[in-house]
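Examination of the molecular architecture
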Amino acid sequence: MELSVVMPCLNEAETVETCVRKTIGFFDDNGIDGEVVIADNGSTDGSQQLARDAGARVVPVIDKGYGNALMGGIRAARGRYVAMGDADDSYDFTTLGPFLDELRDGADLVMGNRFKGGIADGAMPPLHRYLGNPVLSFVGRLFFGSKIGDFHCGLRAFDKDAILRLGLQTGGMEFASEMVVKATLQGYDIREVPTTLSPDGRTRAPHLNTWRDGWRHLRFLMLYSPRWLFLIPGLVFMTLGLLAGIALSTGPVTVGEIAFDVDTLVGAGAALVIGFQAVLFALLTKVYAMQEGFLPHDQRVQKIIDWWSLERGLLLGGLLAVAGLGGLVASLLHWRVNSFGELDPRESLRIVVPAATALVMSLQAIFASLFVSILGIRRRQHPPVVDPAEEAAGVVDAAARRVAKDEPAKVSAGRAAGTARTTGNAGKAGNAGKAAARKSGATKASKSDVSDDDGASGK
């Protein structure tokens, strides 16, 4: 089978029959070997029977959610290619031709683009059309280098085996983003075709929740991009904190009529610590995601891990700790010079803040090095230890079993041979008997002849 069209369904009695009939008509008009799979997520309005009557195959999916329903339908699909679309009659399934053409041409994933194909009046709320979808699609392109203009188009088609290899996990509306993100990270051939969006044919409200599902999409995009979630903000904080700290460690800095002094220095130290921690989080997240298969292998990160051994991390942390302790000693000497009396905060804090910052960063470096080393521990299945005596006994037992198995065959062969010999001897005895009989008969005949002769001569 070439194409399966999967539609998630939850109480779509008003529109599911129309969607199924349009799709089957598309198959008939274009000579396509295809099927319609309704991934039912627990409908209670009779949608299942309506879909069956229209010619679809209904697959029940117990786990609730848009993504769960689709994955259940995709796994049950029999076609080499799979197209997915909502069962609310907002997408025209008779226009799947360009999607299938791109798949036949070698594409792994073909996305519809509603902004290029056209959005009918009332088909999409203004908040989604002008803010939600454009912003989230922009974030997806920025974070992952994707070229897709409409991340959340519900009409798309793909190679079934290629998508199953992605190991999609999300169960809600963010499933749409996960598919595009993982396909992009794996270097799949992703293409776009214009598609139209019409007002859905239902009289009830849609399942989509604007703020909840929008946040779930944004959350997924952030969690799958440690670079933008941790690394880039961390580098910005570190740079600002380091530059401000260096400038303020020697004295106040005046910009126009505004003077920055030790209060800003404390903030700079905090920014440096926060930024350093965020960078470490980016590294730890990337290592974990690579090892668990959530994100593809990154050679740059691997080089950093290979270089940053536990020993180097401990050395770096030790050097920062020495610098921090040196600063604390300097602050004590400064206090001693002032006879351990009251100090001017504008002078003492310029020593204490950098020293405390270095100490905090030293511990962060040490702890992160230990944690990376823990993540690097591989789970291995070692072969079982075998006792030589037990192994030898096992060999002997196996040989005994083979002998016992072969013995009946030998006995049978021996019996057959004995039977053959007995038969042969009997045959020989029979032949000998026959010969003796023939010889005896001949002797008797001779004696008879002599008697006859004697009788004749006596007469």
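Here goes a summary of the coordinates provided. Only a predicted model underlies this, so the values are computations on that prediction, with no experimental measurement involved.

Quick look at the pattern of salt bridges
- Taken as a whole and assessed by the stated rule, the structure comprises 17 salt bridges.
- Of the charged contacts in the structure, one is a salt bridge between E2 and R104, with a shortest N-O distance of 2.8 Å. In this pair, E2 is assigned in the segment before strand 1 (3–9) and R104 in helix 4 (residues 97–104), connecting sequence segments 102 residues apart.
- One salt bridge connects R104 with D101, and the closest N-O pair in it is separated by 3.8 Å.

Looking at unusual backbone geometry
- Notably, N11 is not glycine yet its phi reads approximately 60 degrees, a positive angle.
- Inspection of the secondary structure assignment puts N11 in the loop between strand 1 and helix 1 (16–30).
- Exposure remark for N11: the relative accessible area of 25% places this residue in the partly exposed category.
- Of note, the phi angle at D89 is positive, near 70 degrees, even though the residue is not glycine.
- As for its position among the elements, D89 is in the loop between strand 4 (81–84) and helix 4.
- In this structure D89 comes out as partly exposed when scored by relative accessible area, which is 22%.

Some points on the environment of L235
- One can find L235 in helix 10 (residues 226–248).
- The spatial distance from the C-alpha of L235 to the C-alpha of F276 is 7.5 Å, given a sequence separation of 41 residues.

A few points about the packing of aromatic side chains
- Under the definition given, this model contains five aromatic pairs.
- Ring geometry for F26 versus F27: centroids 6.1 Å apart, planes at 50 degrees, classification tilted.
- Ring pairs connect the aromatic residues F143, F144 and W228, which therefore count as one cluster.

Concerning the pairing of strand 6 (residues 156–159)
- With burial as the criterion, each face of strand 6 is covered, one bearing R156 and F158 and the other bearing A157 and D159.
- Relative to strand 6, strand 4 is paired through four bridges, and the arrangement is antiparallel. Counterpart to Y81 in the pairing with strand 6 is D159.
- Pairing between strand 5 (residues 109–113) and strand 6: three bridges, direction antiparallel. Looking at strand 6, one finds that V110 is bridged to A157.

Thresholds, definitions, all that
Residues numbered from 1 in each chain as written. Predicted model: local features only at pLDDT ≥ 70, side-chain atom pairs only at ≥ 80, totals over all residues. Heavy atoms only, no water. Salt bridge = Lys/Arg side-chain N within 4 Å of Asp/Glu carboxyl O. Helix = DSSP H or I, 4+ residues; strand = E, 2+ residues; numbered from the N terminus. Buried < 20%, exposed > 50% of the residue type's maximum accessible area, 1.4 Å probe, protein only. Phe/Tyr/Trp six-rings, centres within 6.5 Å; stacked < 30°, edge-to-face > 60°. Pairing = 2+ DSSP bridges.

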